[in-house]
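Coordinate analysis (summary)
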Amino acid sequence: MFETIKNWIRKVGVTLGLIKEIKRLEDVQHHRPINATEEEYTRMELNKKIYQGYVDEWHKLEYRPPGATVPATREILRMGMGKVLANEMASLIFNEKCYITIDDEKTNEFIESVFQDNDFYYNFQRYLEYAYALGGMIMKLYVEGDKVKIGWAKADSFVPLGNNAERVEEVLFTYKRKQNDKYYTLLEWHELIDGEMTITNEVYVSDKEGALGTKTSLASWDPDLEAQSKLEGIKPLFTYVRSAEANNINLDSPLGISIYENVHDQLKFLDRMFDFWFNEFELGRRRIAVSKEMVQWHTDPHTGHEYMAFDPDESVYVVLDADDMKEPKDMAVELRTDDIIGSINSLLNVIAMKTGFSAGTFSFDGKSMKTATEVVSENSKTYRTKNSNENIVESALIDLVESILDLAEAEGIFTAPDEYQVSVSFDDSIAQDRDSNFKHYSAAAGMGLMPELIAIQRIFDVPEETAKEWLEMIDERRQKKSPINANMADFIGME
């Protein structure tokens with residue numbers, strides 16, 4: 001049953017205008033209502049362009065060259081900050097130091113084998129980056145042979161259903177393909193009916209690309225496609241992950257928003273300032289003015305065209321019609337690069353603050369963009385944002401593991417025990433300053449405010465048994481180094 005619904009991962013997408021068409025269909029009246037608006041997917045399309053680094057209305061500049069009668073256009077240079085923000089947030093939350101474990105050994109081995117088959121840790125971080133760029137993503141399960149597989153969908157590839165504004169529990173997936181000059185659309189409804197997840201498939205065909213058209217047979221898409229399937233006694237086959245950013249655009253929507261949803265103006269202005277910084281070098285390049293009396297006629301050897309120039313091999317000279325100019329004059333102007341770089345860094349601070357990062361996280365030094373999240377203070381904005389997103393990711397990963405085990409049992413692939421515990425470990429080293437920790441805990445232990453055993457554990461992040469062994473070795477060294485002092489310490493009652 002579950003093999004017939006895997007084709008969605010090959011080509012999916014919510015075409016702009018499709019939601020309105022689906023809502024108008026008579027056949028959808030018996031389905032759960034669509035809980036999304038066309039405007040939300042229009043915004044996703046803009047956020048996707050920002051992530052990809054080019055927005056036509058932002059980055060195409062119209063100008064009029066000297067002496068031209070019609071305007072020309074060019075693409076401005078760009079910083080690609082959308083990609084930087086999404087990547088930095090995804091790496092902060094989930095990276096190679098994160099892992100998922102189950103307290104039952106056999107169950108843990110099975111889940112790890114599923115993750116390896118699906119290259120899970122790499123794909124999850126990649127799609128988590130897409131989720132922060134577009135607002136969310138879905139992990140969807142299916143079976144291939146005797147393997148549980150994980151498919152991935154970006155936020156613009158599904159539509160939430162129902163009236164729940166808190167969670168995405170029911171969804172509509174849309175799949176498209178062209179065959180024999182016809183455009184086919186598969187609607188796959190995942191709905192809770194009488195407490196059970198029910199999957200309903202419907203196929204539509206149109207002569208026009210982007211249009212839904214009329215309903216047709218399931219066999220036109222796949223001869224093995226089932227009209228309806230019920231997931232009896234197991235969890236939904238999909239898990240939704242969103243950013244922790246509250247949706248301030250549509251307060252009644254269960255969908256998340258891009259982490260840079262509220263900084264579009266600043267991102268647009270940032271790219272203009274970056275382009276302005278590069279153009280400053282072009283506009284401020286050295287020019288030497290010479291009088292027309294100092295130039296000679298030269299002939300282009302390729303075209304035969306004659307022109308006047310002071311030095312035909314050097315473009316730095318500019319000919320002026322000035323009779324009183326007796327010698328060449330340097331026309332160099334002072335560059336304003338420091339002022340422009342300062343403006344860029346001010347914008348970066350505003351963008352960081354409005355996307356959940358601490359001020360100073362991103363900086364531009366005139367050579368490259370730099371980030372400063374190697375160590376994050378526990379009272380910083382970045383640290384609080386990290387924790388908020390980790391809570392959402394942890395809950396989603398636990399749901400995913402439970403769904404994998406439910407599906408594996410339903411298909412006779414693996415049976416987990418009735419009780420098990422799923423643990424998600426995140427990379428906390430980014431919020432630890434080892435030098436500060438060492439000074440803090442060493443001082444506390446030295447003043448007798450903390451046992452040395454606890455201080456060793458906190459400073460070096462080692463278990464209690466290891467800390468005890470280290471402390472015994474330290475005590476032995478102390479005794480060998482100064483037995484008199486050690487005996488005196490015992491005599492006066494010092495520990």
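All of these numbers come straight from a predicted model, not from anything done at the bench.

1. As for the nonpolar core
- In terms of nonpolar packing, the biggest core is built from 106 residues, with F120, F124 and I404 touching the most fellow members.
- If near-sequence neighbours (up to four positions away) are discounted, F124 is found in contact with F94, M137, M139, W152, V393 and L397.
- Within the second largest apolar cluster, 6 residues are counted, among which are A444, A445, M450 and A455.

2. Re the pairing of strand β9 (residues 196-206)
- Of all 11 residues in β9, 10 are buried; the element is thus mostly enclosed.
- Hairpin connection, strand β8 (residues 182-193) to β9: the antiparallel pair is bridged by 2 residues, and D194 has positive phi, about 55°.
- Judged from the 3 bridges that link them, β9 and strand β10 (residues 214-216) form a sheet pairing that is antiparallel. The partner of Y204 across the bridge, within β10, is K215.

3. Side note on the confidence of the model for the protein chain
- When pLDDT is averaged across the protein chain, the result is 80; 75% of the residues are at 70 or more.
- Under a pLDDT of 50 for its full length, residues 4-12 has, in the predicted model, 26 contacts with residues more than four places off or in other chains.
- Across residues 491-495 the pLDDT falls below 50, and counting only partners more than four positions away or on other chains, this stretch makes 1 contact in the model.

4. So, the packing of aromatic side chains
- Going through the model one piece at a time under the given rule, you end up with 17 aromatic pairs.
- Arranged with centres 5.4 Å apart and planes meeting at 20°, the rings of Y127 and W152 form a pair that is stacked. Remark: W152 occurs in strand β5 (residues 147-154) and Y127 occurs in helix α6 (residues 120-134); sequence separation between them is 25 residues.
- With relative accessibility at 11%, the residue Y127 sits in the buried group.
- The exposure class assigned to W152 is buried, which follows from its relative accessible area of 11%.
- Ring-pair connections join several aromatic residues into one group, and the members of that group are Y51, F94, F115, F120, Y121, F124, Y127, Y130 and W152.
- Across from the ring centre of Y130, 5.8 Å away, lies the NZ or CZ of K154, which sits over that ring.

5. Re the side chain of E170
- By the secondary structure assignment, E170 is in the loop between β6 (158-160) and β7 (171-179).
- Take E170: its relative accessible area is 5%, and that puts it in the buried class.
- With residues up to four places along the chain from it excluded, the contact list for E170 reads R32, V159, P160, L161, G162, H190, E191, L192 and F238.

6. As for a negative patch on the surface
- Residues E465, E469, E472 and E476 make up a contiguous surface patch of negative charge.
- Looking at where E472 falls in the secondary structure, it is placed in helix α12 (residues 464-481).

7. Quick look at the environment of R177
- Structurally, R177 is set in strand β7.
- Overall, R177 belongs to the partly exposed group, its relative accessible area being 28%.
- Each C-alpha atom of the pair R177 and V205 lies 9.8 Å from the other, and the pair is 28 residues apart in sequence.
- Discounting chain neighbours no more than four positions away, the residues touching R177 are K182, Y183, Y184, S220, W221 and D222.
- Here W221 takes part through its backbone oxygen, which lies 2.4 Å from a polar atom of the side chain of R177.

8. Focus: α6
- In this model, α6 (15 residues) spans 20 Å end to end at C-alpha, consistent with the 21 Å of a helix rising 1.5 Å per residue.
- Among the 15 residues of α6, 11 are classified as buried, and the element is accordingly described as predominantly covered.
- The set of residues buried in α6 consists of F120, N123, F124, Y127, L128, E129, Y130, A131, Y132, A133 and L134.

How each quantity is defined
Each residue is numbered by its place in its chain's sequence as written, counting from 1. Since the coordinates come from a predicted model, pLDDT governs what is reported: local features require at least 70, and pairs of side-chain atoms require 80 or more to be given and counted, while whole-chain, interface and lining totals use all residues. By convention in this description, side-chain values take in all heavy atoms of the structure and omit both hydrogens and water. Buried residues of nine kinds, namely Ala, Val, Leu, Ile, Met, Phe, Trp, Tyr and Cys, make up a nonpolar core once their side-chain atoms join them within 4.5 Å. A simple rule labels every residue: compare its accessible area, found with a 1.4 Å probe on the protein chains alone, to the largest value its type can have, and call it buried under 20%, exposed over 50%, or partly exposed in between. Pairs of residues are marked as contacts when any of their non-hydrogen atoms sit within 4.5 Å. Elements are defined by DSSP. Helices are runs of H or I of four residues or more, strands are runs of E of two residues or more, and each kind is numbered from the N terminus. One bridge is not enough; two strands pair if DSSP finds at least two bridges between them. Think of pLDDT as the predictor's per-residue confidence, scored from 0 to 100. Pairing of aromatic side chains here covers Phe, Tyr and the six-membered ring of Trp, requires ring centres within 6.5 Å, and sorts the geometry by plane angle: under 30 degrees stacked, over 60 edge-to-face, intermediate tilted. As a reminder, the over-ring test applies to NZ of lysine and CZ of arginine, requiring each to be within 6 Å of the ring centre and within 35 degrees of the ring normal. Only residues above 30% relative accessible area that lack a salt bridge enter a patch, with like-charged residues linked at up to 9 Å and the nonpolar side chains Val, Leu, Ile, Met, Phe, Trp and Tyr linked at up to 5 Å. Using a 1.4 Å probe, accessible areas were evaluated by the Shrake-Rupley method; residue-level cover was limited to the displayed protein chains. Basic side-chain nitrogens of Lys or Arg form a salt bridge, by our definition, when they fall within 4 Å of a carboxyl oxygen of Asp or Glu. For the charge count, each Lys or Arg is scored as positive and each Asp or Glu as negative, with His and the chain ends excluded. Every charge is mapped to an atom, namely NZ of Lys, CZ of Arg, CG of Asp or CD of Glu. Under the rule applied, a polar contact is a pair of N or O atoms within 3.5 Å (in protein, one hydrogen donor and one hydrogen acceptor; residues adjacent in sequence only if both atoms are side-chain atoms). Take the number of residues in a helix, subtract one, and multiply by 1.5 Å to get its expected span.

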